[in-house]
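# Report on the structure
Each chain, written out:
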Amino acid sequence: MEKNWQPDIYSDVPVAYAVYKLIFAEDGRTAKDAQYVYVNQIYCEMAGVEKEELLGKRFLSSYENADPVWMTYCTKAHQEGRVIRDCIYAPEIGHWLDFTIMPLAKPGYVAYTFMNVDLDRAQQMKMKRNYTTNDIVLRISKILSSEEDYDAAMNHALQELSLILHPDRLYILETDGKTVSNTFEWCAPGVTPEIDTLQHLDYEQYIGGWEKFLEHATSVIIEDIEVLKDDDPVDYWNLKRQGIERIIDAPIYHDGRLIGYLGADNYEKSDMINTVAILETVSYFISSKIMNHRLVMKLEHLSRHDALTGLHNRNACMERMNFLMQHPCCAGIVYADVNGLKEINDTFGHQAGDAALKRAARLLTKCYGIENTYRIGGDEFLVLMPLITELDFKNSVRHLRELAAHEQGLSVAFGSDWVPDTARLDEAITQTDQRMYSDKVEYYNRCGKQYQNRHEVCAFHRRGDKDLPVAD
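Numbering of residues begins from 1 in every chain and follows the order in which that chain's sequence is written. Residue-level local features of this predicted model are given only where pLDDT is at least 70; pairs of side-chain atoms are given and counted only at 80 or more, and the full residue set underlies all totals for whole chains, interfaces and linings. Computation of side-chain values: all heavy atoms of the structure, hydrogens and water removed.

### Digging into the sheet that holds strand 14 (residues 380–386)
Adjacent strands of a sheet form backbone hydrogen bonds with each other and so pair up, either parallel or antiparallel. Heads up, the condition is: The pairing criterion is simple: DSSP has to find at least two bridges between the two strands. Runs of E in the DSSP output that reach at least two residues are strands. Runs of H or I that reach at least four are helices, and both are numbered from the N terminus. In this analysis, axes come from line fits to C-alpha atoms, helices being fitted only over the stretch in contact, and the angle between any two N-to-C directions falls in the range 0 to 180 degrees. The contact criterion used is simple: two residues touch if any of their non-hydrogen atoms lie within 4.5 Å.
As summarised here, the arrangement of the four strands in space is 13-14-12-15, forming an open sheet in which the pairing is antiparallel. Whereas interior strands pair on both sides, the edge strands pair on one side only; in this sheet they are strand 13 (373–375) and strand 15 (412–419). Taking each pair of neighbouring strands and ignoring which way they run, the sheet shows an average axis angle of 15 degrees. Bridge count for strand 12 (residues 331–338) against strand 15 is eight bridges, and the pairing is antiparallel. When the bridges of strand 15 are listed, Val-334 appears paired with Ser-416. Against the sheet, helix 9 (residues 314–326) engages strand 13 and strand 14, with an angle of about 30 degrees to strand 14.

### Let's talk about the pattern of salt bridges
Condition: Note on definitions: salt bridges are taken to be side-chain nitrogens of Lys or Arg within 4 Å of carboxyl oxygens of Asp or Glu. Only protein chains enter the accessibility calculation, which uses a 1.4 Å probe; a residue is then buried when its area is under 20% of its type maximum, exposed when over 50%, and partly exposed in between.
What the rule picks out here adds up to 21 salt bridges. Between Arg-169 and Glu-185 there is a salt bridge, with the nearest N and O atoms lying 2.6 Å from each other. Here Glu-185 lies in strand 7 (residues 179–187) and Arg-169 lies in strand 6 (residues 169–175), a separation of 16 residues in the sequence. Residue classification places Glu-185 among the buried positions, given a relative accessible area of 16%. The partner of Lys-212 in a salt bridge is Asp-231, and the shortest N-O contact between them spans 3.4 Å. Taken together, the residues span a long stretch of sequence, with Lys-212 in the loop between helix 6 (203–206) and strand 9 (220–222) and Asp-231 in the loop between strand 9 and helix 7 (233–241) at a distance of 19 residues.

### Focus: the layout of surface pockets
Basically, it comes down to this: Each cavity reported here is a set of points on a 1 Å grid over the protein atoms alone in which a 1.4 Å probe fits but cannot get out, each pocket an open set with protein on both sides within 12 Å along at least five of seven lines, and each lining residue one with an atom within 4 Å of a point. Grid points are joined across faces, edges and corners, and a volume is the space filled by probe spheres set on the points. Only Asp, Glu, Lys and Arg are considered charged in this grouping, and only Ala, Val, Leu, Ile, Met, Phe, Trp, Tyr, Cys and Pro are considered nonpolar; every other residue, Gly among them, is considered polar.
Put simply, the second largest pocket is a space of about 180 Å³. Surrounding the second largest pocket, Thr-218, Ala-250, Pro-251, Ile-252, Tyr-253, His-254, Glu-280, Ser-283, Tyr-284, Ser-287, Ser-288 and Met-291 form its lining. Class assignment of the residues belonging to the lining of the second largest pocket gives a composition of six nonpolar, five polar and one charged.

### Here we look at the pairing of strand 11 (residues 257–265)
For strand 11, the tally of buried residues reaches eight of nine residues, placing the bulk of the element in the interior. Direction of pairing for strand 6 relative to strand 11: antiparallel, over a ladder of six bridges. Across the sheet, Arg-169 pairs through a bridge with Asp-265, a residue of strand 11. Bridge analysis of strand 10 (residues 247–254) against strand 11 gives eight bridges, and the strand direction is antiparallel. Across the sheet, Ile-248 pairs through a bridge with Ala-264, a residue of strand 11. Hairpin connection of strand 10 to strand 11: two residues between the antiparallel strands, including Asp-255 at a positive phi of 55 degrees.

### A closer look at helix 9
As a reminder of what qualifies: Take the residue count of a helix, subtract one, and multiply by 1.5 Å to get its expected span. The definition of a polar contact used here is a pair of N or O atoms within 3.5 Å, where within protein one atom must be able to donate a hydrogen and the other to accept one, and adjacent residues in sequence count solely through side-chain atom pairs.
With 13 residues, helix 9 ought to run about 18 Å at 1.5 Å a step, and its terminal C-alpha atoms sit 18 Å apart, in line with that. Against the buried residues of helix 9 lie helix 8 (275–304), strand 13, strand 14 and helix 13 (425–446). At the N-terminal boundary of helix 9, the capping side chain belongs to Asn-313, with an oxygen 3.2 Å from the backbone nitrogen of Asn-315.

These figures capture arrangement, not role.
Rendered as structure tokens:
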């Protein structure tokens, strides 16, 4: 220590304290290093060294990983002649330091005070981590509640997550407890998509083993897939095949029932975000999105399908007719009506009547497929078979009548027609309806009964009210 320097009055300063003599570069103003002139005991304890190891030594040579930024602060305090305060991480001693540097009266000397703020910094980092995590969740929740359509919103959410987690792959698995399918997927560049191969897999074999992880944790967190090798070999080799080393899968629940997982493969570990919290919270919003979509699809299905037979209903039939009239082509038409349905209901009950309607539906779909068959009224069915040749259609009608003749306890009246152009399909359907009526009257005549409940034949498709013929 220089004998003219007497800083003993600072020995009882309650923070780490040090005095440096600046060593300047050739310009005489920029500090390139600093020599320890004085340190108190608190400084030595913080740095983990004895006074003798520092006094008279240069700062940059006293530590293997000394940060030159300290010299920047020294230069600034010296040149500007003012006190400077800041907080940085000191790699030399491995602590966050809140410090003050001030130029002393003796030219070329500066003094530092240091305060270890590791706990404060940890709290700040935790707050920032929570803020960042919450901000990410908020952004993704906005995406999932936006006006984007279902597929676009789900893919957008995964893409946003990828910017945060930097995984190889993000995905959504959906399950009914029996099978599991990959419904959405995001892949990093160079990563092979798996969505096409991960469809309708056996739940127990593929991810059934994940449930044991949920017994003691809120998510499936596998830091090393080797733990699966013995207990869950199917899942292990599937992950191994994809080059996956670690995964997080947050369960997706609805009403307490597991309906899927939101997963990340080979995600980037980071202290700046809470990866598990992000996936688990986002999985809640994804659950709502999935269930809302399923409800919409169910309502859409019900609006276009007949609940009893599973066939397309009157609404779907009208849409198909409009399309065929706007895009003319050849088509075959079959109008069918279950004979004696009222008598079946009155004699054997409505369950028997429902069974007869289902049998009639199966008969028609066997010949024409469910996509071309419609239940348009109580006991009436319509087949619209586009792009079929006249010969093939006549053969199909012949086959239909043969099948119907072998149905025990079921009688169906048919009317059929083939048209080369569907531009006036509504008129052709009305004519087919009349042929079916003639077939029905003939049936009743053979049975010795008079058929009097026939509705008044009307145009099948009107631009004003778009009515179909009313069923018997």
